[in-house]
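# Notes for the structure review
Residues per chain, in single letters:
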Amino acid sequence: MAKNIGAVTIDSERCKGCNLCVVACPLGVLALKGREVNNRGYHFAYMESPDKCIGCQSCALVCPDACIEVYKCPPTAPPKRGALAVEAERPDQGQALQREEPATETSAQPSNVTLMKGNEALAVAAIRYGADGYFGYPITPQSEVLERLEQEMPWETTGMVVVQAESEVAAINMVYAGASCGKAVFTSTSSPGFSLMQEGMSYMAASEVPALVINVMRGGPGLGTIHPSQADYFQATKGGGHGDYHAIVLAPSSVQEMADFVGLGWDLAFKYRCVSMILADGVIGQMMEKVVLPPQRPRRTDDEIRRQCPWAVTGRKGMRPKNVVTSLELDDDKMEANNLRFQATYRLIEQNETRCELVDTDDCDWLIVAFGSMARISMKAMELARARGIKVGMVRPITLWPFPAEQIRKAAANAKGILVPELDAGQMIEDVKLAVECRLPVEHFGRLGGNVPTPDEILDALTRGFNIA
Amino acid sequence: MNAIIQPQNRVYSRPSLLNDAHMHYCPGCSHGVVHKLVAEVIEDMGVAENAIGVSPVGCAVFAYNYIDIDWLEAAHGRATAMATAVKRLMPDRLVFTYQGDGDFAAIGTCESIHACNRAENIAIIFINNAIYGMTGGQMAPTTLLGQKTATCPYGRRVDLNGYPLSITPLLAQLDGTCYVTRQSVHTPGAVRKAKAAIRKAFDNSIACRGASVVEIVSTCNSGWKMSPEKANQWMVEHMFEKYPLGDLKSND
Ligand SMILES: Cc1ncc(C[n+]2csc(CCOP(=O)(O)OP(=O)(O)O)c2C)c(N)n1
Ligand code: SF4
Ligand code: SF4
Ligand code: SF4
Ligand SMILES: [Mg+2]
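Residues numbered from 1 in each chain as written. Chains lettered and ligands numbered in written order. Predicted model: local features only at pLDDT ≥ 70, side-chain atom pairs only at ≥ 80, totals over all residues. Heavy atoms only, no water.

### Here we look at the overall build of chain A
Rules: Each helix is a run of H or I in the DSSP string that is no shorter than four residues. Each strand is a run of E no shorter than two, and both are numbered from the N terminus. With a 1.4 Å probe rolled over the protein chains alone, any residue whose accessible area is under 20% of its type maximum counts as buried; one over 50% counts as exposed, and the rest are partly exposed. By definition, residues are in contact when any of their heavy atoms lie within 4.5 Å. The Shrake-Rupley method, run with a 1.4 Å probe sphere, supplies the accessible areas, and residue values consider only the shown protein chains as cover. Only four residue types enter the tally: Lys and Arg on the positive side, Asp and Glu on the negative side, with His and both chain ends excluded. Lys charges are placed at NZ, Arg charges at CZ, Asp charges at CG and Glu charges at CD.
The helix and strand tally for chain A stands at 18 helices and 19 strands. For chain A, the spread of C-alpha atoms along the principal axes amounts to about 110 × 50 × 35 Å. The buried share of chain A, taken over its 469 residues, is 56%. When contacts within chain A are restricted to residue pairs at least 6 apart in sequence, long-range pairs at least 24 apart make up 76% of them. With an accessible surface of roughly 19500 Å², chain A has 52% of that area assigned to carbon and sulfur atoms. Taken together, the 47 basic and 57 acidic charged side chains of chain A have centroids lying 5 Å from each other.

Dropping the structure here:
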């Protein structure tokens, strides 16, 4: 007995009887049980000739299931593991950076009034919001977002990361990762790129992570045209990727709203742990306008993120329980529960966050429902109509999802008909018809292929569509 | 015998970061050994609080259930894109991906090459078992000529399926990689070497030296329809010719 120099213990319940330790042992110490099995039915390994063991660890090294502990007398090396090596408390880097809770409203000092393109406003507003990262791939008509970010070099000032990815697929998955870390991250693209991003959109929805995704739409399908379109309405508002999910969809109709919706989008995304989208079109992206920029806010510190997003993947500081961000759940009941939770969040968003602008709806005989650039052109058409004594009002959905159905229903209460001008073949009109439950005529007017109508064309569509003298 | 089994005599035990959960892998699967090594290395480095792993779609999808660190679960092939963002946003963390051959070298080839080429400071553990284990043993980009799988049931043919892809040497040519190596885990000696390689790759990530790739030439005994022992023999006899072990690049 005393001549034994090694021994092993084998966790026979973990063991899967693969026999690899038996083969690896240079001294033939081990064998699999011939008849006996463990609770999972495996013939587990055991020390058949314990006296021969020299404690060489070969069996333990090759064991795929980490079942084996090795003992050696006298030990050649001190036991390495057991208690975890916890790092010495480091001075908290976050603390030095910590600032007063920054203002959240997006009003700004006069010095922040400037003239810029819609796409540039997105970039600058994001830096000022305290964004942590942008990941994108160039595509017209939104490449100015990445270009402006690279010009601004925010990594030198706020520490924001900017990465030109190798594709939209990579970009959206970078956003997915950054969002999973509790960071304020975003991407921007245009229609063909947004199609490639649907994978990430679905995974982010399933993982309940907050992110901002911008689509400055162009005409499709296919490579289509680089000119404005609203034809990604279905894709943006009804899901787009696989599975039951929604993103909040904000539709700016001015450069100011491009800037404002960056902050709003992130605030909503973090509030509901969902993806917010800005769905603009080439008109709004390329248009130059005066914009009041939000004040510069500091980026959140590591500690703030850990506090505000306790679910985020940040590393197990203080050895807190591990955080895992995943979209996978193979237990059907649990996956159903996940889905019910997503749906409950969507109902809450519908209740609290539906936004629209009402223009002259109090006395209107005719209603226009339009968003984005089409709402701007429709405003002019309304003026022309009222000058001719035709009382037209407008509902401009600001959130396309959740859709302002209730507001449209109310605004149409005394109207004789609704015109829905869109830069597509008729997408939002379906939601408008549902909103008024087809109780009054609803007509679509659309230009396709990158064409944008004049106010006269819209007025014409209204008067001819409803036979208004 | 029992006299030796005393805490002070313990020279090897399961790393505590590898938790009690029963791993879903088939008996003898190489994934188990590599999981153990990853857990050991993180523990040896004392960086459990700072480590973030990205698990793949493939048999290792549930790596996050077994190794107790923070994890992200990527879409199929996108792990290196995710790791890119994590490391850029939190440069002081150890960030690594763990991916199979289908994940890394088929659907994720674009992301894999570009993350390496951008010199992202991440470590990549690449499990090359020459098959799609998870989905039931279909042909992988790394499947050998003549090797039978569910989707090349008579053996891989050049005219039908093209050549096996040896991606690691391509990555070694990129300026962005600092360490590219091929290892295996079929013998005690190989396991020790593989562990040293993972340690080096993880050290590189923390020190921000560029991208490190540790390919582990592995077995999938279920997919290959062999016993674990036979699978190891088959790997030595067939895989090592196409995928020879050793360092392909090491910038020290
Ligand atoms: C987009 C997408 N396509 C296909 C699949 C199905 N799928 C899951 S794992 C896998 C291949 C896994 O093979 P590999 O990466 O070699 O991992 P292994 O299981 O061999 O470790 C495939 C095709 C998927 N999950 N997602
Ligand atoms: S190597 Fe591990 S799992 Fe396999 S038989 Fe031995 S103890 Fe059991
Ligand atoms: S420690 Fe070495 S001698 Fe002892 S059982 Fe394991 S392989 Fe055999
Ligand atoms: S199918 Fe292959 S790779 Fe997957 S667990 Fe089984 S042996 Fe391992
Ligand atoms: Mg594989």
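### Quick notes on the site of ligand 1
Residue and element names in this part refer to chain B. The line we're drawing: Whether a residue is near a molecule or strand is decided by its heavy atoms; if any one of them lies within 4 Å of it, the residue is near. Any pair of nitrogen or oxygen atoms within 3.5 Å is treated as a polar contact; in protein, a donor-acceptor pairing is required on top of that, and neighbouring residues in sequence qualify only through side-chain atoms on both sides. We call Asp, Glu, Lys and Arg charged. Ala, Val, Leu, Ile, Met, Phe, Trp, Tyr, Cys and Pro are nonpolar, and the rest, Gly among them, are polar.
Around ligand 1, the structure places 16 residues, and the nearest of them are H31, C59, D103, G133 and M134. At 3.2 Å from an oxygen atom of ligand 1 is found a side-chain nitrogen or oxygen belonging to N129. In the environment of ligand 1, an oxygen atom lies 2.9 Å from a nitrogen or oxygen atom belonging to the backbone of M134. Protein burial of ligand 1: of its 590 Å² of free accessible surface, 76% is covered by the chains. Ranked by residues supplied to the shell around ligand 1, first place goes to helix α4 (residues 101-107) with 4 residues. Tallied by class, residues from the shell around ligand 1 come to 6 nonpolar, 8 polar and 2 charged.

### Regarding the interface of chain B and chain A
Note the threshold: Here's the idea: put two parts together, see how much 1.4 Å probe accessible area each one loses, and the total over both is what we call buried area. What counts as a salt bridge is simple: a side-chain nitrogen of Lys or Arg found within 4 Å of a carboxyl oxygen of Asp or Glu.
Taken residue by residue, the interface counts 76 residues in chain B and 90 residues in chain A. Both sides of the chain B and chain A interface together cover about 6700 Å² of buried area, and 59% of this is carbon and sulfur. Connecting chain B to chain A are 6 salt bridges. Put simply, chain B and chain A have 31 residue pairs in polar contact (both at pLDDT 80 or more) between them.

### Re the pairing of strand β19 (residues 442-446) of chain A
Consecutive residues of a regular strand have side chains that alternate between opposite faces of the sheet. The condition is simple: Note: two strands are recorded as paired if DSSP finds a minimum of 2 bridges between them.
As paired strands, strand β18 (residues 417-422) of chain A and β19 of chain A are joined by 5 bridges and run parallel to one another. Among the inter-strand pairings, L419 of chain A is bridged to a residue of β19 of chain A, identified as E443 of chain A.

### A few points about the nonpolar core
To be explicit about the condition: Only buried residues count toward a nonpolar core, which is a set of Ala, Val, Leu, Ile, Met, Phe, Trp, Tyr and Cys residues joined through side-chain atoms within 4.5 Å. Here the bounds of each domain stem from an automatic or database domain assignment.
By size, the foremost hydrophobic cluster in this structure holds 130 residues, and its most contacted members are F186, M201, M204, L367 and I418 of chain A. Among the elements that make up this core, the one with the highest residue count is helix α11 (residues 255-272) of chain A (9 residues). For this core, the two domains that each supply at least three residues are domain 2 (113-306) and domain 3 (356-465) of chain A. With 67 residues, the next largest nonpolar core counts C67 of chain A together with V34, I127 and V214 of chain B among its residues.

### Remarks on the coordination of the magnesium ion (ligand 5)
All names here are of chain B. Rules: Any N, O or S atom lying within 2.8 Å of the metal counts as a donor, and for Na, K and Ca the limit rises to 3.2 Å; water is left out, so some sites can look incomplete.
For the magnesium ion (ligand 5), the full set of protein donor atoms is D101 (OD), N129 (OD1) and I131 (O), at a range of 2.1 to 2.6 Å. Within one chain, the residues donating to the magnesium ion (ligand 5) are spaced in sequence as D-x27-N-x1-I. With a gap of 30 residues between them, D101 in helix α4 and I131 in the loop between β5 (123-128) and α6 (158-161) connect regions that are remote in the sequence. Here I131 falls in the buried class, since its relative accessible area comes to 2%.

### Observations concerning unusual backbone geometry
Residues and elements named next belong to chain A. The omega torsion across T140 and P141 is 5°, close enough to zero to call that bond cis. Inspection of the secondary structure puts P141 in the loop between β6 (133-136) and α5 (144-152). Looking along the chain, the bond that leaves G220 and enters P221 is cis, with omega of -5°. Examined against the element boundaries, P221 turns out to sit in the loop between β9 (211-217) and α10 (233-237). Of note, the phi angle at N19 is positive, near 80°, even though the residue is not glycine. Considering the arrangement of structural elements, one finds N19 in the loop between β1 (6-10) and α1 (20-24).

### Thoughts on the confidence of the model for chain A
Inclusion rule: Across the chain, each position has a pLDDT score giving the predictor's confidence in that residue, from 0 to 100.
Residues of chain A with pLDDT of at least 70 account for 91%, and the chain-wide mean is 92. Low pLDDT, under 50, characterises residues 79-110 of chain A; the stretch is placed with 48 contacts to residues that sit more than four places away or in other chains.

### Re the packing of helix α1 (residues 30-45) of chain B against helix α8 (residues 188-207) of chain B
Residues and elements named next belong to chain B. This is how it is decided: Every axis corresponds to a line fitted to the C-alpha atoms, with the helix fit spanning only the stretch in contact, and the corresponding angles, defined between N-to-C directions, vary from 0 to 180 degrees. For classification purposes, an angle smaller than 35 degrees is called roughly parallel, one larger than 145 roughly antiparallel, one from 65 to 115 roughly perpendicular, and anything else oblique. In this scheme the handedness of a crossing depends on how the near helix is turned from the far one: anticlockwise by less than a right angle means left-handed, clockwise means right-handed.
Axis separation between α1 and α8 bottoms out at 9 Å; the angle between their running directions is 50°. In terms of their interaxial angle, α1 and α8 are classed as oblique. When the axes of α1 and α8 are compared, the crossing they make is right-handed. When α1 is examined against α8, the residues V33, V34, L37, V38, E40, V41, I42, D44 and M45 are found in contact with a partner set consisting of V191, A194, K195, I198, R199, F202, D203 and I206. When its residues are assigned to classes, the contact of α1 with α8 shows 12 nonpolar, no polar and 5 charged.

### A closer look at the sheet that holds strand β4 (residues 68-72) of chain A
Reading across from one edge, β1(A)-β4(A)-β1(B) is the order of the 3 strands in this open sheet, with antiparallel pairing throughout. With partners counted over all chains shown, the strands left at the sheet margins are β1 of chain A together with β1 (10-12) of chain B, one partner each. With direction set aside, neighbouring strand axes in the sheet form an average angle of 35°.

### Some words on the environment of I248 of chain A
Residue and element names in this part refer to chain A. If you trace the backbone, I248 turns up in strand β10 (residues 248-250). I248 sits 154 residues away from P402 along the chain, and the two C-alpha atoms are 6.6 Å apart. If we ignore the near neighbours within four places in the chain, the residues touching I248 are L268, Y272, C274, V275, S276, M277, I349 and W401.

### What about a negative patch on the surface?
Residues and elements named next belong to chain A. Stated precisely, the cut-off is as follows: The patches reported here contain residues having more than 30% relative accessible area and no salt bridge. Joining distances are 9 Å for like charges and 5 Å for nonpolar side chains (Val, Leu, Ile, Met, Phe, Trp, Tyr).
Judged by side-chain charge, D331, D332, D333 and E336 come together as a negatively charged surface patch. With respect to the helices and strands, the residue D333 is situated in helix α14 (residues 332-353). On the accessibility criterion, D333 (59% relative accessible area) is exposed.

### Some words on the pairing of strand β15 (residues 366-369) of chain A
Residue and element names in this part refer to chain A. Short version of the rule: For a crossover, the right-handed case is the one in which the path from the first strand over the helix to the second runs clockwise, viewed with the strands pointing away from the viewer.
Alternating positions in β15 separate into two faces, W366 and I368 on one and L367 and V369 on the other, with burial throughout. Alignment of β15 against strand β16 (residues 392-397), held across 4 bridges, turns out to be parallel. Paired with W366 across the bridge in β16 is V392. With helix α15 (residues 372-387) bridging β15 and the parallel β16, this β-α-β connection has right-handed handedness.

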